Every structure is written in C-alpha cells, then in structure tokens.
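Structural description and commentary
This is what each chain is made of:
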Amino acid sequence: MWIPLLVVVVIGSLLHFTEAQHPCDSITGNYDTWLTSAQRVDVVVVGGGASGLSAAKVLLKDSTADVVVLEAQDYLGGRVKTHRQGDILVEDGAEWINGGVANRLFGLAKRLNALTNPIPASAYDWRARTWDGTVADARGYDAAARLFEKCEEPGIQVNYYTTGYGKCYIDRFDKVYKNSRAVAREKAGWYHYLHMWVNKDVGCTDWMEQSARDADRFTDWGYDRWNQWKDGYDTVITHITKSVPDNKIRTSTPVCKILWDQPGGEDVVLVVTQGGDAYLASHVIFTASIGHLKDRHTHLFEPQLPQSYRDAMNGIELGIANKVQLGWSYPWWGPDPLNLHIIFPKMELPPQKSWLYGLMEILTIHQQPNMLQGFIPGDYGIALENLPEATVKEHIVQHLKDVTGQNVPEPTFFRRSRWMANPWTRGSYNSFVTVEGDNAGLRNRNPLTRPLVNSNQKKMLYWAGEHLSNTRYGTVDGAMDTGETQAYRLIDANPKYWK
C-alpha cells in the first residue's frame, strides 16, 4: 500500500506548536503566603466548560456545598466556542449534535426551539477534484465512503483490538478500491483522502494511533444525524449557566497550583490562581482538558500525581482538528451549498503549503450560504497553527482557485483556529486511548475517573471531562455526563452536603 512518506519530510520542521512561556510560569509565593490570604470554600471546580458548569449546577441544586468555578479563559464553554461577527456565526470548536434523537442535547435543543436540521445531501453541489483542478473519479469516493462505513460497523473493530483503529482501512482498501473500478492513477489520492477523513474524525496524525478497542467503544446510538444549534453551540452553555449564579464563577482566572495533600495537616486543598488569589477547599473537581493536564501536571499539582494515575494519563492523547473558515459577500462557487472533495494523487505542493494535504473536504457552513469551512487534523493542523494568518489565508484562497478552476474573490471574512497553541486546551478533538496505552493495560478510561485520596485517606480530587467518558468521549454531552456524575459522587461521599 502506498503511504505518503514525503509528507513527513515536507512538514517535519512544523510538527510541534511553537511553545512560549506558560502564563502560570510567572506565579510567585509559597504555601504559607497563599494560605494566609485563602478564601474558604467547599468545592472548587477547575474549568468553566460544559463539564465544569454541569458539575457546579448539580452541586448547587442537589447539595448544600459552597462552590466556585474557576475558568482560565475570558469566556465560558471551553472547547464550545461560538464566534459572532455581524450576521456571521461560526464555531471554533464543537459544532454538531452527534447521535440524533438519542443525544440528550437533541431534546434540549428542541425544547429551547434552538434546533436546526442538517443541509440535505441532495441539496449540495457535490464535486470531487484533484488538487490541480482535474475532475476526480467519483467511484474513488464511493470506495472510501463504503470502507468508512464498513469499519464503523458493530463488531468489525474487535478483529483489530491488538492493533490500531486504522488497520481495518489499511487491510481492506486495496480490495474495495479494485472492486469500485475507479481509475488506478487516483488510487494513492483516494487512499490519502480516506486517511485524512479518519484522522479528521479522530483528530490524530495517523489512523494507527487510536486503539481499535477505544474506537469500538464509542457509540452514536445508530443515529447518523448531524443537527446543529440554530443560534450557536454556546446556547447550551448559556442554558447551563443560568443555574450557576454569576458570583460563583470567575473567568480569566487560571488555576496554576493545586496543593492537595499536606501530611499531618488539615484535609483541605489549596488552589492558587495566576493572579495570586487562593482558595482553601474541602474538595476539587478538575475538568480541564487532558491536553492541558498532560502538559502542566508536573507544575500544577503538589505533591505530584500518583504514578498509577500518571501511567494511565500517558495512555490517552487529545487530538487536534483545526478549522479554516472563509466568507464572501456572495457564493462565488454557485447558488447551491458546496461539498468539495480534494485528492492528491501525487504530493507535489511546495513545503510551506504542505498543511493543505490535511484538507480533504471543504463545505458550505450551515446557515451561512456565503461561507466555506475545512478541517485540518493532526500534524497538518499544527503546521497550520505555526504559519502567519495572512499566509494561511493566501494559501487557502489560491488552493480554492487551483481546485475549482474558478475566480475566487478576496474573502471578506477569514478565521482559523489554533487549539494546540492554546495553553488551556493543548488540543481540541477528540481524546483517544492510544495503541500503546491499550497494550500497557489501559482498556478503558475508568482509572482516570477515580478520586485521589490524601495521606489521611480522604477523597480530595475528583475528575471530569469528555476524556473520561468511555462511550461519548469527544462530545459535549459526554463532558456534561462526567461533570454531573462526579458531582453526585462527591455529594454521596460527603453526608455533610446532603440536603
């Protein structure tokens, strides 16, 4: 099987995000100085995303605990981030209500009159092109789509549990492509297309990174629907936040230190923010991303997390799938929504443009008929982040000209996400158990959900976030579920908070 080794050479110098000093590196003080000014609180929730806010909602509704939510960024939602600019509404992060009617958010959106249906497939202007504008053989797409569906079928991935999720595709592609009767000269291009399709869904650089067991565990309940929020995905964040009073939330308040076990001392956790504010809590629910946790845990926690927890944490990665969004005053491609599929039969782009190899599809943005969007996963997405914004814009506009053969006017709107460079996320979508993690014994995410106990055997640290859901990782509803579950777990273990 042809594998695009040239890509590794081309983008090799761009594979890592440019790392500046972390905002928490400037924190000053010590335990005694922080303790002197600490504010007493029952529970500190670290992170104001869907998981953290859901945890706070449960604690405030179903317990007597005093709660404060500390969010590092200047908005609530975490990787739910809706951008508005005049009549434009786009999503930097979460975008779809995956799973249709079985997803709790589907029902919530309907009740809020905030649900909008996907664009019907028949409404799209469907095109398949090579990167230089040649019409591609649609049978190659049919082969890729057929194999994608096959490897997603229940019971298929069990055959690959000792290897990676991508092995199903690698093993079957030759036969499926041959049976499709698509032209041989495009085979390499459609193989790369399928590889990027899978990587986009996982957020990985290589489809062999995710454990097949982990991939098999995810469920969409058999409903392949992709509804969206009419007025932005942050509608759900606003809805949850209505149950959490403003005086319980601190935005732009990064947590930089969590001192969770002082031998011989009181059963408390000292939480210190970048600004020097300190909170003395009986418990902490930590809901930040696994990317941030892996990046900062040695600086963040005193004492260090137990070795068993670190070992489990090392078996999970947070993927990256960045977005590029462009808008114009009119749809220059034509009156219908565009669905443009791009293949690379040969890898002939200049090195600086190599991030475009990760862009396998460009779509009209739902409810934005004059706008287009593409996803760029893995190392290609990191390469995108490391380029100047003007350069990325120049690249994508020229790429659209080359692929469509049409005159592409200067965009009136341009936006690209940079989730890996964000020190509070270090990734976007989705979390996955690696093959190495599975081989080391991490069969599920349960070891990371167990509360940490201090020297007095008191449960001090609780954990939540989408990366802790075994079946709905990478989803907003999965994040909410874990936040609620851990909040109830904390309440159940502490009768003093019972109502």
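The shown structure was predicted, so the numbers you read here are calculated from the model rather than taken from an experiment. Note on numbering: residues in each chain are counted from 1, in written sequence order. pLDDT decides what is reported in this predicted model: residues at 70 or higher carry local features, side-chain atom pairs at 80 or more are listed and counted, and totals for whole chains, interfaces and linings draw on all residues regardless. Water and hydrogen atoms were dropped before computing side-chain values, which therefore reflect all heavy atoms in the structure.

1. With respect to the overall build of the protein chain
- To qualify as a helix, a DSSP run of H or I must reach at least 4 residues; to qualify as a strand, a run of E must reach at least 2; elements of each kind are numbered from the N terminus. Regarding its fold elements, the protein chain presents 15 helices and 22 strands.
- Here the C-alpha radius of gyration of the protein chain, 23 Å, is about what a compact globule of 499 residues would show, namely 23 Å.
- If you line up the protein chain on its principal axes, its C-alpha atoms span 70 × 50 × 45 Å.
- Counting all 499 residues of the protein chain, 58% fall into the buried class.
- Long-range contacts, defined as pairs at least 24 residues apart, comprise 77% of the intrachain contacts of the protein chain with a sequence gap of at least 6. In this description the radius of gyration comes from C-alpha coordinates, and the expected globular size is given by 2.2 Å times residues to the power 0.38. Categorising residues by exposure relies on relative accessible area from a 1.4 Å probe, with only protein chains included: less than 20% of the type maximum marks a residue as buried, more than 50% marks it as exposed, and the intermediate range marks it as partly exposed. We call two residues in contact when some of their heavy atoms are within 4.5 Å.

2. Side note on the sheet that holds strand β5 (residues 97–98)
- For two strands to be treated as a pair, DSSP must find at least two bridges joining them. Taking strand neighbours across the sheet as the criterion, the 3 strands line up as β5-β8-β6 in an open arrangement whose pairing is antiparallel. Each end of this open sheet is capped by a strand with a single partner; those strands are β5 and β6 (115–116).
- Bridge analysis of β5 against strand β8 (residues 226–229) gives 2 bridges, and the strand direction is antiparallel. Directly across from I97, in β8, lies its bridge partner N227.
- Working convention: axes come from line fits to C-alpha atoms, limited for helices to the stretch in contact. Angles between N-to-C directions cover 0 to 180 degrees. Sitting on the sheet, helix α4 (residues 104–111) touches β5, β6 and β8, and the angle it makes with β8 is about 45 degrees.

3. Regarding the packing of aromatic side chains
- Centres within 6.5 Å make a pair out of two Phe, Tyr or Trp rings, where for Trp the six-membered ring is used; the pair is then stacked when the planes are under 30 degrees apart, edge-to-face when over 60, and tilted otherwise. Throughout the structure, instances matching the rule amount to 25 aromatic pairs.
- For the pair W328 and W332, a centre-to-centre distance of 5.6 Å together with 80 degrees between the ring planes defines the contact as edge-to-face. Here W328 matches W332 in class, with each residue buried.
- Lying over the aromatic face of F375, K200 brings its terminal NZ or CZ to 5.8 Å of the ring centre.
- Charge-over-ring contacts are defined here by two conditions on Lys NZ or Arg CZ: a distance within 6 Å of the ring centre and an angle within 35 degrees of the ring normal. The side chain of R445 reaches across the aromatic face of Y473, ending 4.0 Å from its centre.

4. Section: the pairing of strand β4 (residues 88–91)
- In β4, alternate side chains face the same way, and those of I88 and V90 on one face and L89 and E91 on the other are all buried.
- Across 4 bridges, the pairing between strand β3 (residues 82–85) and β4 is antiparallel. Of the residues in β4, the one forming a bridge with T82 is E91.
- The hairpin formed by β3 and β4 contains 2 residues between the paired strands, and G86 there has a positive phi angle of roughly 65 degrees.

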